[in-house]
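Chain by chain, the residues run as shown.
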Amino acid sequence: MTTNPFDADRPPERPRRRGNGGGARNGGKRRDESIMVPDVSFDSYYGRHIVKPAPWEKEVAAYLFLGGIAAGSALLGAGGAARGYPALQRVGRIGAVAGAALGGAALAKDLGKPSRALNMMRTVKLTSPMSVGSWILTAFGSFASAALASEIGRPLLERRSGAGGSGVLSLVSKVLKLADGPATVGSAFFAPPLAAYTAVLLADTATPTWHESYRELPFVFVNSANLAASGLALVTVPSRENGPARKLAAVSAVAELVAFERMQDQLGPTLSEPLRTGKAGRLLKASRALTIGGAIGAVALGGNRVTAALSGAALMAASACTRFGVFEAGMVSAIDPKYTVEPQRERLEKRRADGVVDDSITTAR
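The rules we used
- Residues numbered from 1 in each chain as written.
- Predicted model: local features only at pLDDT ≥ 70, side-chain atom pairs only at ≥ 80, totals over all residues.
- Heavy atoms only, no water.
- Helix = DSSP H or I, 4+ residues; strand = E, 2+ residues; numbered from the N terminus.
- Buried < 20%, exposed > 50% of the residue type's maximum accessible area, 1.4 Å probe, protein only.
- Contact = heavy atoms within 4.5 Å.
- Areas by Shrake-Rupley, 256 points an atom, 1.4 Å probe, with all protein chains shown as cover.
- pLDDT = per-residue confidence, 0-100.
- Axes fitted to C-alpha atoms, helices over the stretch in contact; angles between N-to-C directions.
- Parallel < 35°, antiparallel > 145°, perpendicular 65-115°, else oblique.
- Left-handed = near helix turned anticlockwise from the far one by under 90°.
- Nonpolar A, V, L, I, M, F, W, Y, C, P; charged D, E, K, R; others polar.
- Salt bridge = Lys/Arg side-chain N within 4 Å of Asp/Glu carboxyl O.
- Expected span 1.5 Å × (residues − 1).
- Patch = residues over 30% accessible without salt bridge, like charges linked within 9 Å, V, L, I, M, F, W, Y side chains within 5 Å.
- Polar contact = N/O pair within 3.5 Å; in protein donor to acceptor, adjacent residues only side chain to side chain.
- Phe/Tyr/Trp six-rings, centres within 6.5 Å; stacked < 30°, edge-to-face > 60°.
- 1 Å grid on protein atoms, 1.4 Å probe; cavity = no way out; pocket = protein on both sides within 12 Å on 5 of 7 lines; lining within 4 Å.
- Points joined across faces, edges and corners; volume = space filled by probe spheres on them.
- Core = buried A, V, L, I, M, F, W, Y, C linked by side-chain atoms within 4.5 Å.

**With respect to the overall build of the protein**
Moving on, step 1. From N to C terminus, the protein includes 12 helices and 2 strands.
Moving on, step 2. Ordered by position from N to C terminus, the α and β elements of the protein give α-α-α-α-α-α-α-α-α-α-α-α-β-β.
Moving on, step 3. Expressed as a percentage of the 365 residues in the protein, the buried residues total 42%.
Moving on, step 4. Partitioning the intrachain contacts of the protein with sequence separation of at least 6 by distance along the chain shows that 74% fall at a separation of at least 24.
Moving on, step 5. Only carbon and sulfur atoms are counted for the fraction: they give 60% of the accessible area of the protein, which is about 20,600 Å².

Printed below as a string of structure tokens:
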């Protein structure tokens, strides 16, 4: 028997049954062949994945969460500047810069080398969510950093220039004051794209659950980002200035719950199964409970410092559970072949029911 180097890749052969010529040799009794039919199982060629899972680790899920905090905090910081809430403005600006910096570090760690993150800035590819998102993050970080520099540096420079400092310090203080408004507007302008592009990034992959949720997932992520930022503000901002955060938490909680339920309905029973079962299902159930509890606490008890902080912590945890749950569900849907095969069969049956027998031929029903 000759051998081939590729023989090792072949699946094991099933043992052949040696027949006895029919039922007559078994005493005239025929076996019930129905009990010999194996259960339906989904498998791929040589047992390999039909869809290659995304080569991402948990750092990407952390980046999804931290980027959401950064985006929502920039919006709250801009709102605090417009309404005259200095504590909310300060916390929003710090949260925006810290979230962007930590999220960028998590992304760079997942890439393996920081230089790879810098290499993504060499070109602009509008058809690539990763390329566009890198430029969105860079622009957002630049404006948010300028706003924070004005927030922290201007008072220090004014005190030093007023205490006999040089005229250069006074000039720099005036420049920071002039840059404060454009920096605030710029960070608020890039905040929604920063919160939404990560959902587009997931949906642009071939991962079944992510890919088919491209309509609703951006709404889930944007409102989840607002919940995380509202929670951070409720934890850190005095209760006399947390009114905008409480309102944003209430609106975003309702919007996220509605968008998530609609996303599951659009996915159907098969592709939504990873969102309802296993580790992802537990995370998303916890997210739902924390969102409802945190939003109710923020609205009803947000005037108290302790209950506001507890509600804020629940909202931040809810946002983290949402991001990690969606991430985990996508990975599961890529690994199990049935989440690729069953939707294909359902689409084929629907096409046949509609009378479509070929890509270019439609028959009358």
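**A look at the confidence of the model for the protein**
Moving on, step 1. Looking at the protein, the pLDDT average stands at 85 and 83% of residues meet or exceed 70.
Moving on, step 2. Segment residues 361-365: pLDDT under 50, and 8 contacts once partners within four positions in sequence are set aside and those in other chains are kept.

**Here we look at the packing of helix 10 (residues 278-301) against helix 11 (residues 305-335)**
Moving on, step 1. One can describe the packing of helix 10 onto helix 11 by two numbers: an axis separation of 7 Å at closest approach and a directional angle of 155°. With respect to each other, helix 10 and helix 11 are oriented roughly antiparallel. Between helix 10 and helix 11 the crossing geometry is left-handed.
Moving on, step 2. Here the residues of the contact of helix 10 with helix 11 are counted per class, giving 17 nonpolar, 8 polar and 2 charged.

**What to know about the packing of helix 1 (residues 58-83) against helix 2 (residues 86-111)**
Moving on, step 1. Contact geometry of helix 1 with helix 2 gives a least axis separation of 7 Å together with a crossing angle of 160°. Of the possible angle classes, the one that applies to helix 1 and helix 2 is roughly antiparallel. Between helix 1 and helix 2 the crossing geometry is left-handed.
Moving on, step 2. Split by residue class, the contact of helix 1 with helix 2 holds 14 nonpolar, 9 polar and 4 charged.

**Quick notes on the pattern of salt bridges**
Moving on, step 1. The final tally for this structure, using the stated rule, is 9 salt bridges.
Moving on, step 2. For glutamate 59, the salt bridge identified is with lysine 109, shortest N-O distance 3.1 Å. Of the two residues, glutamate 59 sits in helix 1 while lysine 109 sits in helix 2, which places them 50 residues apart along the sequence.
Moving on, step 3. Judged by its relative accessible area of 21%, glutamate 59 is partly exposed.
Moving on, step 4. Several salt bridges share partner residues, and in doing so they unite Arg90, Arg93, Glu151 and Asp180 into one network.

**Some details on helix 7 (residues 217-236)**
Moving on, step 1. With 20 residues, helix 7 extends 29 Å between its outermost C-alpha atoms, agreeing within 8% with the 28 Å of an ideal straight helix rising 1.5 Å per residue.
Moving on, step 2. By the criterion of burial, helix 7 is predominantly enclosed, with 16 of the 20 residues buried.

**Structural notes on a nonpolar patch on the surface**
Moving on, step 1. A surface patch of nonpolar side chains, amounting to about 350 Å² of accessible area, comprises Val124, Leu126 and Trp135.
Moving on, step 2. Structurally, tryptophan 135 is set in helix 4 (residues 129-162).
Moving on, step 3. A relative accessible area of 35% means that tryptophan 135 is categorised as partly exposed.

**A look at the side chain of serine 333**
Moving on, step 1. Along the chain, serine 333 turns up in helix 11.
Moving on, step 2. Of note is the side chain of serine 333, whose polar atom sits 2.8 Å from the backbone oxygen of glycine 330.
Moving on, step 3. Excluding its chain neighbours within four sequence positions, the residues that come into contact with serine 333 are Thr207, Pro208, Thr209, Pro274 and Tyr339.

**Some thoughts on the packing of aromatic side chains**
Moving on, step 1. Under the criterion given, the structure shown has 4 aromatic pairs.
Moving on, step 2. Ring centres 5.9 Å apart and planes at 25° place the aromatic pair tryptophan 56 and tryptophan 210 in the stacked group. One end of the pair, tryptophan 56, is in the segment before helix 1; the other, tryptophan 210, is in helix 6 (residues 208-211), and 154 residues separate them in sequence. Judged on exposure class, the residue tryptophan 56 and its partner tryptophan 210 are both buried.
Moving on, step 3. With a centroid separation of 5.9 Å and 40° between ring planes, the pair formed by tryptophan 210 and phenylalanine 327 is classed as tilted. Of this pair, tryptophan 210 sits in helix 6 while phenylalanine 327 is found in helix 11, placing the two residues 117 residues apart along the sequence. A single burial state applies to tryptophan 210 and to phenylalanine 327, both of which are buried.

**Let's talk about the layout of surface pockets**
A water-sized probe rolled over the atoms picks out the places where empty space is left.
Moving on, step 1. By volume, the largest pocket is sized at about 250 Å³.
Moving on, step 2. The wall of the largest pocket is formed by Glu212, Arg215, Gln266, Leu267, Gly268, Pro269, Thr270, Leu271, Pro343, Glu346, Arg347 and Lys350.
Moving on, step 3. A class-by-class count of the residues in the lining of the largest pocket yields 4 nonpolar, 3 polar and 5 charged.
Moving on, step 4. If you add up the space inside the second largest pocket, you get close to 200 Å³.
Moving on, step 5. Together, 13 residues line the second largest pocket, and Leu107, Ala117, Met121, Leu137 and Thr138 are the ones closest to its centre.
Moving on, step 6. Ranked by residues supplied to the lining of the second largest pocket, first place goes to helix 4 with 4 residues.
Moving on, step 7. When grouped by side-chain class, the residues that make up the lining of the second largest pocket number 9 nonpolar, 4 polar and no charged.

**Considerations on the nonpolar core**
Moving on, step 1. In this structure, Trp56, Phe140, Leu194, Leu202, Trp210, Leu217 and Phe221 are the most contacted members of the largest nonpolar core, which totals 43 residues.
Moving on, step 2. For this core, the secondary structure elements donating two or more residues are helix 1, helix 2, helix 4, helix 5 (167-203), helix 7, helix 8 (243-271), helix 10 and helix 11.
Moving on, step 3. Beyond its immediate stretch of four places on either side in the chain, leucine 202 contacts Trp56, Leu64, Trp210, Leu217, Phe221 and Val326.
Moving on, step 4. One finds Ala87, Val91, Ala245 and Ala253 within the second-largest nonpolar core, a separate group that totals 16 residues.

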